[in-house]
Every structure is written in structure tokens, then in C-alpha cells.
Amino acid sequence: MSVVHTGSRPTGRRRNPAATREAILNAAERLFAQKGYEATSLGEIGRAAGVSRGTPGYFFGSKERLYRAVLERALGAAREVLTRARARAAAAGGGPEALLGEGIASYLEFLAARPTFVRLIEWETLSGARFLGTSPAHIGGLRDALALTQEELARGALRPADPVHLLLSVMGMCWFPYAHADALARSLGLDPRTPSFLAARRAHIVDLLLHGLLPRG
């Protein structure tokens, strides 16, 4: 929805500020994911959101604050995926395989459905994670995932392993096909966003976790 401006503050009636804010966040996520933080301007985001060029600055104050809001929203969504998957598995009363399968499947589905999330994190990595490293949602999500990993190890659901390195391995196995979908996965004739790939990847990772982590000696 367009907002009329005089100077730096909008005039006229903003009929739905929440919808305008959401449109700006959606447009910003698409553009930041496509071009990166440095190459994206507030004016471009305003045009993509269907509002005046000054509206993103009015709602968020600066490009950095808007970018941080985009990151927090995306990371919060990823964290919520894990929380919901854990709750569903617990309610179903399944064993280790069900719990792992639910969590891994939910995360894979999230990555497949939200390619902008993958690209945002990849851009952040290339820039030294200057914003990601201080993100409460990112840090909280990693702590949640680590706590779940430690819980499964304590229950004996997984073979003995270092929980931090185990978590890194699981994240890597889920992340890699989506971060390199064009460069590698499709070169092997795979489409990481198809249901068949998601099912096969889930089964492969769960099998490795339950049966492939053999202790030395």
C-alpha cells in the first residue's frame, strides 16, 4: 500500500501499517537474498514493496535496522521450525528415529521452501557474519539445537559423539544441498526441493545418525 510523504514522515492515512511493514520485510528479504546487503538500497526495497522510496526508512529507521529485522524474522522462523517439530514428536510419543526424523524433515522442508533464507545466510558468511554473529535469534536457535543434540546423546538415542561436532555435521548434511543447489545438486540430476529428494535425504541422515556413527576401537 502506498504511503504519501512530505519530508521524512508520511502524511495521509496509513490504512494498514502492519501490512505495509510486512510488505517491506518481504521485499527486503528477497532483495537482500538476491543482491546482498551492500548492493541493496532502501529505494529499491520501497519500489519492490509497492510503497514510496522513503517508507522503508520511516518504518525501520535505516537500512541496517531493516536488514537486522529481516535476519531476525528469518532466523526466528527457522528456530520455530525446530520447536514445533520437537513438540509434535514428543506428543506422538515416538522413539529416537521419530524424533530425529521429524526435526530433520521439518528443517529440510523449511530450507526447500525458503531459498531466500539460505542465500541470506550465505551472504552473511561471505561478509564475515558481521550481523549474524550478534543475532539473538541465531544464537538462541543454535543453543536450542545443541540442547536437543545433548539430550539425544544423554538418552542413548545416538552413538557417543561430541555434541558440538555432531550438531555441525547434522546442520551441514541438511544445509549443503540447498546452499549448492545450482552448483552441485542439479549437476547430479537432483532437485533438492522435490518431495522425493526430501524423503530420501531425511532417511539418509537419520540412518547415518542412528547407525553410522561408530566409535573407534
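Anyway, here's the lowdown on the structure attached to this text. (Residues numbered from 1 in each chain as written. Predicted model: local features only at pLDDT ≥ 70, side-chain atom pairs only at ≥ 80, totals over all residues. Heavy atoms only, no water.)

**A look at the environment of E151**
Stated precisely, the cut-off is as follows: Counting from the N terminus, the helices are DSSP H or I runs at least four residues long and the strands are E runs at least two residues long. Only protein chains enter the area calculation, which uses a 1.4 Å probe; residues under 20% of their type maximum are buried, those over 50% are exposed, and those in between are partly exposed.
Here E151 is to be found in helix α7 (residues 136-154). Residue classification places E151 among the partly exposed residues on the basis of a relative accessible area of 31%. For the pair E151 and P163, spaced twelve residues apart in the sequence, the C-alpha separation amounts to 9.4 Å.

**Examining the environment of R86**
With respect to the element layout, R86 can be found in helix α4 (residues 63-92). C-alpha separation for the pair R86 and E102, spaced 16 residues apart in sequence, amounts to 7.4 Å.

**Let's talk about the layout of surface pockets**
To keep it simple, the criterion reads: Cavities and pockets were defined on a 1 Å grid built over protein atoms only: a cavity is a set of grid points that admits a 1.4 Å probe from which the probe cannot escape, a pocket is an open set flanked by protein on both sides within 12 Å along at least five of seven lines, and lining residues are those with an atom within 4 Å of any such point. Grid points are joined across faces, edges and corners, and a volume is the space filled by probe spheres set on the points. In the scheme used here, Gly and all other residues not listed as nonpolar or charged are polar, with Ala, Val, Leu, Ile, Met, Phe, Trp, Tyr, Cys and Pro taken as nonpolar and Asp, Glu, Lys and Arg as charged.
Estimated volume of the largest pocket: approximately 860 Å³. Every residue lining the largest pocket is counted, 33 residues in all, and those nearest its centre are L82, Y107, A145, L167 and M171. Among the elements that take part in the lining of the largest pocket, α7 stands out by supplying nine residues, more than any other. Considered class by class, the residues forming the lining of the largest pocket number 25 nonpolar, five polar and three charged. Forming the boundary of the second largest pocket are 14 residues, of which R119, Y178, A179, A181 and D182 lie nearest the centre. Those elements that place two or more of their residues in the lining of the second largest pocket are α6 (115-126), α8 (163-179) and α9 (181-185). Residue contributions to the lining of the second largest pocket peak at six residues, all from α6.

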